[in-house]
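Remarks on the overall topology
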Amino acid sequence: MVSKTEEFIELERTWASPNYTPIPVVLSKGEGVYVYDVEGKRYLDCLSAYSAVNQGHCHPKIVEAAEKQLHTLTLTSRAFFNDKLGSFLKRLCEYAGYEMACPMNTGAEAVETGIKVARRWGYRIKGVEKDKAEIIVCENNFHGRTTTIVGFSSDPETYGDFGPATPGFIKIPYGDIEALKNAITPNTVAFLVEPIQGEAGVIVPPEGYLKQAAEICKENNVLLIADEIQTGFGRTGKPFCFMHDDIKPDIVLVGKALGGGIMPISATLGSREIMSVLTSGSHGSTFGGNPLACAVGTAAIDVIEEEKLAERAAELGEYFLGKLQTLPKHVVKEVRGKGLLLAIEFTEEAGKAKPYVLAMKERGLLAKQTHETTIRFAPPLIITKEQIDWAFSVIEEAIKNTAPNWN
Ligand SMILES: *Cc1c(COP(=O)(O)O)cnc(C)c1O
């Protein structure tokens with residue numbers, strides 16, 4: 001007899017293009033920090049859809065806002081005004097400390113918007129010669145999957161055979177402030193950077209990196225663009241990760257948790273002067289800023305604030321990190337991260353991460369390896385201390401039973 005799980009997996013494998021290799025679990029329900037599979041088994045979600053579910057699955061307040069709007073008005077396009085967009089963007093801008101925002105849907109679109117804004121700003125305000133604009137990016141970046149964005153990826157699996165790459169991007173090592181200084185030319189319009197590189201395996205840059213980068217950008221009239229799509233909305237223990245460095249990037253890209261785990265909502269934020277380069281007709285999106293998204297996004301921010309999720313992430317993240325640091329060093333060589341964006345990296349003797357991920361899944365905890373030897377732990381920010389205790393005991397036991405070199 002084939003199980004329900006096998007049936008659903010077979011169906012997906014037959015009909016879905018094979019650009020993913022999911023962990024073999026079929027989910028059908030979510031509530032708070034937990035998800036349930038089609039056999040009824042419960043799991044603690046330690047991925048949170050790559051930090052898109054910071055508020056927890058099916059948060060009642062966000063669901064309520066969505067339901068209410070669902071029966072009222074869902075889509076108008078930007079050909080008309082709607083009664084939700086202005087107040088949503090006001091909420092978002094005031095939460096982040098910015099003057100204007102361009103609403104989009106996916107994270108990649110927010111990145112594309114940031115790139116377009118920076119290039120136009122370069123030509124129209126900085127005075128860069130036509131079609132000469134350069135944007136500096138970092139090695140091992142992850143900014144999304146559009147053709148332009150994958151063109152400046154350093155992962156062959158991501159960019160391979162999707163060329164030719166869009167010109168105008170210069171790659172430098174992440175965390176290297178000298179490299180940034182050296183890469184800037186009169187044609188540089190922006191430095192696009194993740195405050196912590198999530199997909200690269202939760203890579204935290206050296207202390208003060210972002211602050212120094214902000215200074216260098218300012219000195220050279222270069223826009224600093226912070227991609228906070230994964231690190232935003234409380235994940236790292238502050239509303240946005242750049243706030244740890246007490247700086248204000250010129251442009252901030254947000255997505256993921258802005259949608260409260262319900263729908264794709266993203267935005268590009270900046271000053272009035274910078275965002276005003278997007279003149280009428282020069283950019284847009286049919287679904288961007290739709291009333292349903294605005295209602296959901298507003299509720300998503302409300303929940304982050306009301307439930308003090310950034311403060312929780314700071315406190316519980318430190319607690320979780322401390323626990324992970326007790327894992328034996330000959331098995332787990334490094335524990336890193338900030339707030340509730342954490343990762344462990346296995347030693348060579350301990351081997352690849354995948355078997356550990358599967359052992360955790362068997363014991364009711366869902367996480368995903370990034371690259372070969374790293375596992376990220378990023379549970380919903382509503383997680384409790386008791387749930388972290390439970391998660392850690394499962395993680396420890398799974399590793400103990402899987403590692404060839406525990407003893
Ligand atoms: C997920 C992510 C993106 C892309 O977001 P999508 O919604 O998948 O397009 C961009 N930047 C970072 C840092 C991300 O983590």
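Since the structure is predicted, the reported quantities are computational estimates derived from the model, not experimental observations.

**Topic: the layout of surface pockets**
If you add up the space inside the second largest pocket, you get close to 640 Å³. Residue lining of the second largest pocket: 24 residues in total, with Arg78, Leu85, Ala101, Cys102 and Pro103 positioned closest to the centre. Going through the elements one at a time, α4 (85-96) and β4 (100-104) are the ones with two or more residues in the lining of the second largest pocket. Of all the elements, β4 adds the most residues to the lining of the second largest pocket, at 5 residues.

**Regarding the domain arrangement of the protein chain**
What the domain assignment lists for the protein chain is domain 1 (4-55 + 308-402) and domain 2 (60-306). In this structure, domain 1 and domain 2 have C-alpha centres spaced 26 Å apart. The partner domain 2 presents 29 residues to the 28 residues of domain 1 that form the contact. Between domain 1 and domain 2 lies a buried interface of about 2,100 Å² when both sides are counted; carbon and sulfur atoms form 56% of it. Of all residues in domain 1, the largest losses of buried area upon contact with domain 2 belong to Gln55, Lys338 and Leu341, amounting jointly to 30% of the total for that side. Applying the counting criterion to the domain 1 and domain 2 interface returns 1 salt bridge. Joining domain 1 to domain 2, the criterion identifies 19 residue pairs in polar contact (both at pLDDT 80 or more). In terms of residue count, the dominant contributor to the side of domain 1 that touches domain 2 is helix α12 (residues 309-324) (4 residues). Looking at the side of domain 1 that touches domain 2 residue by residue, the class counts come to 15 nonpolar, 9 polar and 4 charged.

**A short note on the side chain of Thr374**
You can see Thr374 is positioned in strand β15 (residues 374-377). Once you skip the residues sitting within four places of it in the chain, Thr374 turns out to touch Gly201, Arg336, Ala343, Ile344, Glu345, Ala353, Lys368 and Gln369.

**What to know about the sheet that holds strand β2 (residues 34-37)**
The strand order across the open sheet built from 4 strands is β1-β2-β3-β13, with neighbouring strands paired in mixed fashion. In the strand order of this sheet, the two ends are held by β1 (27-31) and β13 (365-366), each with one partner. In the sheet, strand β3 (residues 42-45) pairs with β13 via 2 bridges, with the strands oriented parallel. Of the residues in β13, the one forming a bridge with Leu44 is Leu365.

Reading the values: rules and limits
Residue indices begin from 1 for each chain and proceed along its sequence in written order. Per-residue local features are limited, in this predicted model, to residues with pLDDT of at least 70; the limit for side-chain atom pairs, both in listing and counting, is 80 or more; totals at the level of whole chains, interfaces and linings are taken over all residues. Side-chain numbers come from the whole structure's heavy atoms, not from hydrogens or water. A 1.4 Å probe that fits into a set of points on a 1 Å grid over the protein atoms alone but cannot get out defines a cavity; an open set with protein on both sides within 12 Å along at least five of seven lines defines a pocket, and lining residues are those with an atom within 4 Å of a point. Grid points are joined across faces, edges and corners, and a volume is the space filled by probe spheres set on the points. Secondary structure elements are taken from DSSP: a helix is a run of H or I of four residues or more, a strand is a run of E of two residues or more, and numbering for both begins at the N terminus. These domain boundaries are the output of an automatic or database domain assignment. Contacts are assigned to residue pairs with any non-hydrogen atoms lying within 4.5 Å of each other. Note: buried area is the sum, over both parts, of the accessible area (probe 1.4 Å) each one loses when the two are combined. The salt bridge definition used is simple: a Lys or Arg side-chain nitrogen within 4 Å of an Asp or Glu carboxyl oxygen. Polar contact is defined as a pair of N or O atoms within 3.5 Å, subject to the rule that within protein one atom must be able to donate a hydrogen and the other to accept it, and that residues adjacent in sequence are counted only when both atoms are side-chain atoms. Classes in brief: Ala, Val, Leu, Ile, Met, Phe, Trp, Tyr, Cys and Pro nonpolar; Asp, Glu, Lys and Arg charged; the others, Gly included, polar. We treat two strands as partners when DSSP finds at least two bridges between them.

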